[in-house]
Amino acid sequence: MNNKYLKYILQNRAEIIAPRSEIDLWPSIQKHFSSRHPALPSPKGGLRNIKIKSSLLWKPVLLATLLIMSLVFATSSQVRARALELVKMIAGYQVDERSESPLKDYEEGTVQATEYTIPVMTMPEALVNPPFPFNLPYWVPEGYTLKENVAIANSKEWISMNWVNPNGGEIFMLVEKQQPQYNLPIGVGSSEEIEINGQQALLVKGGWANAYQWDPARAVVIYWEINGLYYRLGYSGNGPIADMNKAIAMLVQMAESVP
Amino acid sequence: MEEKQAITCLKQGDLNGLEILVKRYQVQAVQAASLIVQDRAVAEDIVQDAFIIAVEKIHQYDPERPFGPWFYRIVVNASIKVAEHHKRLISLEEEQEGVSIAAENLLVDPQPGPEESFEQEEIRIRVWRALDRLSPNQKAVIVMRHFLEMSESEMMDQLQRPKSTIKYLLHEARKKLRQFISPWLAVQNPPLKQSNTMRKTIRKGIWYE
């Protein structure tokens, strides 16, 4: 086919579908950014505020946001329809393999989420008045110490705590009374089934990083159930995990030490 | 403000440069997306989102390369996703059986004279319909090459596929386009000595079928 004429036909067709004189996206784009940055156009700084510091991903408040967003995902028909195509069941957990972080949907306003502050208390306080009986692991990797503060959900449905080492390594454990009734938002191809003390468990390699993208070396998390409680144990370092197998072995050993 | 200056601003977190880029690329982008998704409102949504993505990922953009192809890749990829999602592809495999390829030389004149305008109008609409029947990926390569006028090298760069693959995709898309319109063009290409009256009758017969 004559290329010149094909181009002419395409231009003609495009002009009929979307006349150039009627195309003006700037007001809506301006509105989009103005809602986040009221001073648009503003000198510098705006975009940086959009990004989420990766170090925040382990903070309890943001964790709670993620959990709540996951719940909204499970109930929003519009989002569910899109997500269903990628939802898989692994070791009893529903995982939603996504190319972009749900935080992006939240930021863009396509997903509603409630953000709230979770009470933080010291471990001794938590052990005196635990939200529910749970066990700590007997074995913790050398050099790691339990951080003093723990977070307990207002609903008393879960508790989370962290161990840290001087090199910036951080291990996070969350214990829930009930199995998550929502889809876990994770990166594509990042999950697999493993065993913890002979029981099925979910292994997720990676974590959501800046720019809403999945970083396969960002973290590693294990999800498993024991004695009717649902545990998740995660590890992240200062930077990308250099030896993923070593990190997984460490978490498995720690998980298997939970009585 | 020049385009390069606008991009530099964006890379520094300053949104002042965005308007320049929107005004410069929105028309081509919306029209390209429209050709793939066949819906102006959807196309506008895609392009609006593409600008937002471009802002968020501007750190990934190499300022030594032209902005247009980089941005159009975001638009085209999103358009393909939407088009595939909506399953607007119409399978007409049966109609392709037994076609004769006689179309090449008919589609030659972008500015027909009055006597030929009827014929050209028919051809144009037939080609539109044929375009609608291409798969989203096939539409995308046709749009990138012939509407956005990206070179094969630029397509190779943006689609991150080897040149041979780009050539193949284009070849397949053009071939399918020819196949879709050939049955009609074969009828439209009458014997040399056929009278004009007869030709118009045939065309009208098909046009109103």
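Preceding this section is the structure that the text describes.
Below: a short report on this structure. (Residues numbered from 1 in each chain as written. Chains lettered and ligands numbered in written order. Predicted model: local features only at pLDDT ≥ 70, side-chain atom pairs only at ≥ 80, totals over all residues. Heavy atoms only, no water.)

## Examining the overall build of chain A
Within chain A, the regular secondary structure consists of eight helices and 12 strands. Across the 259 residues of chain A, 50% fall into the buried class. The contacts of chain A with a sequence gap of at least 6 include a subset with a gap of at least 24, amounting to 61%. Surface exposure of chain A reaches about 12700 Å², of which carbon and sulfur atoms provide 51%. (Helix = DSSP H or I, 4+ residues; strand = E, 2+ residues; numbered from the N terminus. Buried < 20%, exposed > 50% of the residue type's maximum accessible area, 1.4 Å probe, protein only. Contact = heavy atoms within 4.5 Å. Areas by Shrake-Rupley, 256 points an atom, 1.4 Å probe, with all protein chains shown as cover.)

## A closer look at the pairing of strand E1 (residues 87–90) of chain A
Judged from the four bridges that link them, E1(A) and strand E2 (residues 93–98) of chain A form a sheet pairing that is antiparallel. If you follow Val87(A) over to E2(A), its bridge partner there is Asp96(A). (Pairing = 2+ DSSP bridges.)

## Here we look at the sheet that holds E2(A)
All names here are of chain A. The strand order E1-E2-E8 describes an open sheet built from three strands, whose pairing is mixed. Strand pairing shows two members of the sheet lacking a second neighbour, E1 and strand E8 (184–187), which therefore form its edges. The average angle at which neighbouring strand axes cross in this sheet is 40 degrees, direction not considered. (Axes fitted to C-alpha atoms, helices over the stretch in contact; angles between N-to-C directions.)

## A few points about the packing of helix H1 (residues 3–17) of chain A against helix H2 (residues 18–37) of chain B
Packing of H1(A) against H2(B) brings their axes to within 9 Å, and their N-to-C directions diverge by 95 degrees. Relative to H2(B), the element H1(A) is oriented roughly perpendicular. Of the residues in H2(B), those in contact with Leu10(A), Arg13(A), Ala14(A), Glu15(A) and Ile17(A) of H1(A) are Gln31(B), Ser34(B) and Leu35(B). Classifying every residue of the contact of H1(A) with H2(B) gives four nonpolar, two polar and two charged. (Parallel < 35°, antiparallel > 145°, perpendicular 65-115°, else oblique. Nonpolar A, V, L, I, M, F, W, Y, C, P; charged D, E, K, R; others polar.)

## Here we look at the side chain of Glu3(B)
Structurally, the position occupied by Glu3(B) is in helix H1 (residues 3–11). Apart from residues lying up to four places away in sequence, Glu3(B) is in contact with Leu21(B), Arg24(B), Tyr25(B) and Phe67(B).

## Considering the packing of helix H6 (residues 136–147) of chain B against helix H7 (residues 152–159) of chain B
Residues and elements named next belong to chain B. Running from N to C, H6 and H7 cross one another at 135 degrees; their axes reach a closest spacing of 10 Å. What the angle tells us is that H6 and H7 run oblique. For the pair H6 and H7, the crossing hand works out as right-handed. For the pair formed by H6 and H7, the contact residues are Val141, Met144 and Arg145 on the first element and Glu152, Met155 and Leu159 on the second. (Left-handed = near helix turned anticlockwise from the far one by under 90°.)

## Structural notes on H2(B)
Residues and elements named next belong to chain B. A maximum bend of about 50 degrees is found in H2 at Tyr25. Taking burial as the measure, the 20 residues of H2 include 15 buried ones, the bulk of the element. Once H2 finishes, Gln38 follows within two positions and takes phi at roughly 60 degrees, a positive value. (Bend = angle between axes of the 7 residues up to and from the residue.)

## Some thoughts on the pattern of salt bridges
This model, assessed by the stated rule, comprises 12 salt bridges over all chains. A salt bridge links Arg20(A) to Glu15(A); the shortest N-O distance between them is 3.5 Å. What makes Glu15(A) partly exposed here is its relative accessible area of 29%. For Arg24(B), the salt bridge goes to Glu3(B), with nearest N and O atoms at 3.2 Å. With a gap of 21 residues between them, Arg24(B) in helix H2 and Glu3(B) in helix H1 connect regions that are remote in the sequence. (Salt bridge = Lys/Arg side-chain N within 4 Å of Asp/Glu carboxyl O.)

## Quick word on unusual backbone geometry
What is expected of a backbone is that most residues other than glycine have negative phi and most peptide bonds are trans. Notably, Asn227(A) is not glycine yet its phi reads approximately 50 degrees, a positive angle. Look at Asn227(A) and you get exposed, because its relative accessible area is 63%. Although it is not a glycine, Gln38(B) adopts a positive phi angle of roughly 60 degrees. Its place among the elements puts Gln38(B) in the loop between H2 and helix H3 (40–56). Classification of Gln38(B) by relative accessible area gives partly exposed; the value is 21%.

## Topic: the pairing of strand E7 (residues 170–176) of chain A
Residue and element names in this part refer to chain A. Among the seven residues of E7, seven are classified as buried, and the element is accordingly described as predominantly covered. Of the two faces of E7, the one lined by Glu170, Phe172, Leu174 and Glu176 and the one lined by Ile171, Met173 and Val175 are each fully buried. As judged from the seven bridges shared by strand E6 (residues 158–164) and E7, these two strands associate in the antiparallel manner. From the neighbouring strand, Met161 faces E7, where its bridge partner is Met173.

## What about the environment of Pro130(A)?
For Pro130(A), the location among the structural elements is in the loop between helix H7 (123–128) and strand E4 (145–146). Pro130(A) sits 29 residues away from Ile159(A) along the chain, and the two C-alpha atoms are 8.8 Å apart.

## Quick notes on the nonpolar core
With 67 residues, the main nonpolar core has Leu18(B), Val47(B), Phe67(B), Phe71(B) and Leu148(B) as its most contacted residues. For this core, the leading source of residues is H2(B), giving 12 residues. Those residues in contact with Phe71(B) that lie beyond four places of it in its chain are Tyr25(B), Ala29(B), Val47(B), Ala50(B), Phe51(B) and Ala54(B). Ranked by size, the runner-up nonpolar core spans 35 residues in total, among them Val175(A), Ile222(A), Trp224(A) and Leu229(A). (Core = buried A, V, L, I, M, F, W, Y, C linked by side-chain atoms within 4.5 Å.)

Coordinates in, geometry out; function isn't part of it.
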